[in-house]
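Residues per chain are reported as follows:
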Amino acid sequence: MADERIRPPWWLKYVNKVMIGANRLGIAGGLGPVVLTVAGRKTGKPRSTPVTPMTVDGHRYIVGGLPGADWTANARAAGEATVHQGRRAERVRLVEIPVEQARPLLRQFPILVPTGVGFMRNTGLVTGPNPDEFENLAGRCPVFRLDPV
């Protein structure tokens, strides 16, 4: 299913722009989403998207909420990114987690990132915050570990 693609909701581009702007202004106050900037795999131009990291056993992870999303393909190709939180920027290595290791991380997603549950429910990937449903997304929604560079 690696080539599966779900069309993003029409409003996502606009919401992402607002979230990126709020992040730059420091409105989030260090909580919630950060902005992940990755070089585009075709153009090399920086591409930014809001993501919400979760911390498990001292490691930070992000989940690709839409199968086939451009940012996940860019992340795979680039292998590195910059995480922006307000005016702070950090270079990270993006390590994609194998499917079997991703399962327990995805089970924790609805608990650690409850704001992501509604988005994934609206796209039809899950019906609610059931950890079993999130675990079943392994192989469809990639999980990346953010390692400091």
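Relevant structure appears above.
The sections below set out a description of the structure shown in this document. Please read these numbers as outputs of a predicted model, since none were measured by experiment. (Residues numbered from 1 in each chain as written. Predicted model: local features only at pLDDT ≥ 70, side-chain atom pairs only at ≥ 80, totals over all residues. Heavy atoms only, no water.)

### Description of the nonpolar core
Generally speaking, a soluble globular protein has its nonpolar side chains buried in company with each other. Selection criterion: Residues enter a nonpolar core if they are buried and are Ala, Val, Leu, Ile, Met, Phe, Trp, Tyr or Cys, with the set joined through side-chain atoms within 4.5 Å. For each residue, the accessible area found with a 1.4 Å probe, counting protein chains only, is set against the maximum for its type, and the residue is called buried under 20%, exposed over 50%, and partly exposed in between. Every helix listed is a DSSP run of H or I at least four residues long, and every strand listed is a run of E at least two residues long, numbered separately from the N terminus. Here, residues are in contact when the closest pair of their heavy atoms is within 4.5 Å.
The biggest cluster of nonpolar side chains holds 35 residues, and the ones touching the most others in it are Leu36, Ile62, Trp71, Leu94, Met120, Leu137 and Val143. With 4 residues, helix α3 (residues 99–112) is the largest single contributor of residues to this core. When sequence neighbours within four positions are dropped, the list of residues in contact with Met120 reads Gly65, Phe109, Leu125, Val126, Phe134, Leu137 and Cys141.

### Some remarks on the pairing of strand β4 (residues 59–63)
Applied cut-off: Paired strands are those between which DSSP finds at least two bridges.
Both strand β3 (residues 54–56) and β4 contribute to a ladder of 3 bridges, which runs antiparallel. Paired with Val56 across the two strands is His59, which belongs to β4. Following β3, the chain reverses through 2 residues before pairing antiparallel with β4; Asp57 in that reversal takes a positive phi of roughly 50°.

### Concerning the side chain of Thr49
Within the secondary structure, Thr49 is located in strand β2 (residues 46–51). Judged by its relative accessible area of 11%, Thr49 falls in the buried class. With sequence-adjacent residues up to four places away left out, Thr49 is seen in contact with Asn16, Ile20, Val34, Val35, Leu36 and Trp71.

Note that all results are geometric; they support no functional claim without further evidence.
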